[in-house]
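A structural walkthrough
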Amino acid sequence: MIIKLNKIDSTNRYALREFANVANDSLIVADAQDAGRGRRGKSWFSPPGVNMYASYIIKEPLFPIYVSLWICGLAVLKTLRDTAPNIDLWLKWPNDIYCTPQHNPLAKLKMAGLLAETFSPLSSNKITGIVAGMGINLNMQKEDIEKINRPATSLFYETGIKTDLANFAENLLRNLFFYRNSAETKEEELFAEWRHENRLLNRNVTVRQDHGLIIEGEVVNFSRSGEMIIFTKDGTFQNIMSGELESF
Ligand code: BTN
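Residues numbered from 1 in each chain as written. Predicted model: local features only at pLDDT ≥ 70, side-chain atom pairs only at ≥ 80, totals over all residues. Heavy atoms only, no water.

**As for the pairing of strand 9 (residues 214-222)**
Direction of pairing for strand 8 (residues 204-209) relative to strand 9: antiparallel, over a ladder of five bridges. Bridging across to strand 9, Val205 finds its partner in Gly217. One ladder, built from five bridges, connects strand 9 with strand 10 (residues 228-232); its direction is antiparallel. When the sheet's bridge partners are listed, Phe222 is paired in strand 10 with Met228. Two successive antiparallel strands, strand 9 and strand 10, enclose a turn made up of five residues, where Gly226 displays a positive phi of approximately 85 degrees. (Pairing = 2+ DSSP bridges. Helix = DSSP H or I, 4+ residues; strand = E, 2+ residues; numbered from the N terminus.)

What follows is the structure in structure tokens.
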């Protein structure tokens, strides 16, 4: 079921507030957000009527939170490719969808970001749900893209295709449902597909970990528990669960 809102603070916040009142597998979609949240306390630029700001409700998840990022990453990727089959889109661990434009094969531009949050009822600290938020730059034009202070793009800017937001939301929900089902019945396959779409594999990266430590090296694998495995310059393997990629 799609729940359509006008302007809201944040679809994730709304979903966490209303968690008890919304059905499992709902997709909450807003026209605009005035307090859109990104990772690490950043904001998510959410002008009205142009993009997808959506939160997927997962009740009683049978998988940990990082698997919801596999589900959403693959669902967003598939929905974008269904709309524009000829552009080069890829996943960047742990939660981004990037585009490399045809005319500039070295460029890496962010088209979508994911923010998954857990829900626990007030009466207990048991996690009973996941709110998986997706911000996808669809019809945003150049002037607005330029307001984002990092390399970013939109589907329209890359292709000239104007996306119908209602159709996109329906297709996205179908794909989310498909990949959630994969997570519950064939997680190995879901992981393999997610791993395959990650263009960081075999690249040299610099990661700033949450406690400030910087790690440099080559990405050699991803683990089944969502970690990025780096062979560092000093010859050790490091499994990283979260961090900010400073170069990739
Ligand atoms: C990131 O790349 O930092 C994650 C961005 C996530 C943005 C989406 S927009 C819909 C949902 N509601 C929010 O407040 N954030 C997520």
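**Topic: the sheet that holds strand 7 (residues 129-136)**
In a beta sheet, neighbouring strands pair by backbone hydrogen bonds and run either parallel or antiparallel. Sheet architecture is open: seven strands sit in the order 1-2-3-7-6-5-4, paired in mixed fashion. A strand with exactly one partner marks an edge of an open sheet, and here the two such strands are strand 1 (2-8) and strand 4 (88-92). Within this sheet the neighbouring strands show an average axis-to-axis angle of 20 degrees, counted without direction. (Axes fitted to C-alpha atoms, helices over the stretch in contact; angles between N-to-C directions.)

**A closer look at the site of the ligand**
With respect to spatial proximity, 19 residues lie near the ligand, and among them Ser10, Gln33, Arg37, Arg39 and Lys110 are the closest. In this structure, Arg39 approaches the ligand through a main-chain N or O atom, which is 2.7 Å from an oxygen atom. Within the side chain of Lys110, a nitrogen or oxygen atom sits 2.6 Å from an oxygen atom of the ligand. Within the residue set of the shell around the ligand, elements represented by two or more residues are helix 1 (11-17), strand 3 (52-59), strand 6 (109-119) and strand 7. The element best represented in the shell around the ligand is strand 6, accounting for four residues. (Near = heavy atom within 4 Å. Polar contact = N/O pair within 3.5 Å; in protein donor to acceptor, adjacent residues only side chain to side chain.)

**Points about the pairing of strand 5 (residues 96-100)**
When you tally the buried positions in strand 5, you get five out of five residues, the bulk of the element. Where strand 4 and strand 5 come together, five bridges link them in antiparallel fashion. Bridge assignment links Asp88 to a residue of strand 5, and that residue is Thr100. Connecting strand 4 to the antiparallel partner strand 5 that follows it, the hairpin turn spans three residues. Where strand 5 lies against strand 6, four bridges are found, and the strand directions are antiparallel. Across the sheet, Tyr98 pairs through a bridge with Lys110, a residue of strand 6. (Buried < 20%, exposed > 50% of the residue type's maximum accessible area, 1.4 Å probe, protein only.)

**Side note on the pattern of salt bridges**
All chains considered together, the criterion is met by 19 salt bridges. Residue Arg224 is joined to Glu187 by a salt bridge in which the shortest nitrogen-to-oxygen separation is 2.9 Å. With Arg224 in the loop between strand 9 and strand 10 and Glu187 in helix 6 (residues 187-197), this pair connects stretches of sequence that are 37 residues apart. Judged by its relative accessible area of 33%, Arg224 falls in the partly exposed class. Two residues, Lys233 and Glu216, come together in a salt bridge whose shortest N-O distance is 3.2 Å. (Salt bridge = Lys/Arg side-chain N within 4 Å of Asp/Glu carboxyl O.)

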